[in-house]
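Letter by letter, the chains look like this.
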Amino acid sequence: KDNMQWTTTLTFAAAPISPNNNPKHQNNASKKNKPDAQLIQEYKSFANELADAARTAILPYWRLPSLEVESKYESGRSISQTISPVTAADRAAERVMRDLIEKRYPTHGICGEEYGSVRLDADWVWVLDPIDGTKSFM
């Protein structure tokens, strides 16, 4: 995790042997169940691109007095966290990240807070939480 004003976290939960049989993603470290260094660097760079794009989408909403806030219900959370705020900034950030992922890695899955999930059975799945701490953002 890089400590910056905007933080990008890239975590490999598990690495497949050969994602979607794509030679670009073949790696010598697959026997150890770890992606190779080149692939890690590629995804790190892309994660930073996602963070930069999200920042650009979010900044116009920062502390905006007229920012509309909706509440969404999130089951399976504590009572105090059951109702979660959602803003146009959350949606804009997730939309721009999803668009970039779909363009660059169309076979990857996406699990997002605002627009749901696609291809969760893919070899690689991006988990998006556009603004972690929307209450503080507002």
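Residues numbered from 1 in each chain as written. Predicted model: local features only at pLDDT ≥ 70, side-chain atom pairs only at ≥ 80, totals over all residues. Heavy atoms only, no water.

(A) Examining helix α1 (residues 37–58) more closely. With 22 residues, α1 ought to run about 32 Å at 1.5 Å a step, and its terminal C-alpha atoms sit 31 Å apart, in line with that. Inspection of α1 places L39, Y43, F46, A47, L50, A51, A53, A54, A57 and I58 among the buried residues, and these make up the whole buried set. All buried residues of α1 project into a common sector of 165 degrees when viewed along the axis, lining one side. Among the exposed residues of α1, those pointing more than 90 degrees away from its buried face are A37, Q38 and T56. Among the residues of α1, the N-terminal cap falls to D36, whose side-chain oxygen and the backbone nitrogen of Q38 are separated by 3.2 Å. (Helix = DSSP H or I, 4+ residues; strand = E, 2+ residues; numbered from the N terminus. Expected span 1.5 Å × (residues − 1). Buried < 20%, exposed > 50% of the residue type's maximum accessible area, 1.4 Å probe, protein only. Arc of directions from axis to C-beta. Polar contact = N/O pair within 3.5 Å; in protein donor to acceptor, adjacent residues only side chain to side chain.)

(B) Focus on the environment of D90. Along the chain, the position of D90 falls in helix α2 (residues 88–104). Residue classification places D90 among the buried positions, given a relative accessible area of 1%. Each C-alpha atom, one on D90 and one on I58, is 7.4 Å from the other, the two residues being 32 residues apart in sequence. Side-chain polar atoms of D90 contact the backbone nitrogen of T87, separated by 2.8 Å.

(C) Geometry of unusual backbone geometry. The phi torsion at R119 lies on the positive side, around 50 degrees, for a residue other than glycine. Inspection of the secondary structure puts R119 in the loop between β4 (116–118) and β5 (125–128).

(D) Focus on the nonpolar core. The biggest cluster of nonpolar side chains holds 17 residues, and the ones touching the most others in it are Y43, F46, L50, I101, W126 and L128. Secondary structure elements with two or more residues in this core: α1, α2 and β5. For this core, the element with the highest residue contribution is α1, accounting for 7 residues. Once residues within four sequence positions are removed from consideration, L128 is found in contact with E94, M97, R98, I101, I110, C111, G112 and E113. (Core = buried A, V, L, I, M, F, W, Y, C linked by side-chain atoms within 4.5 Å. Contact = heavy atoms within 4.5 Å.)

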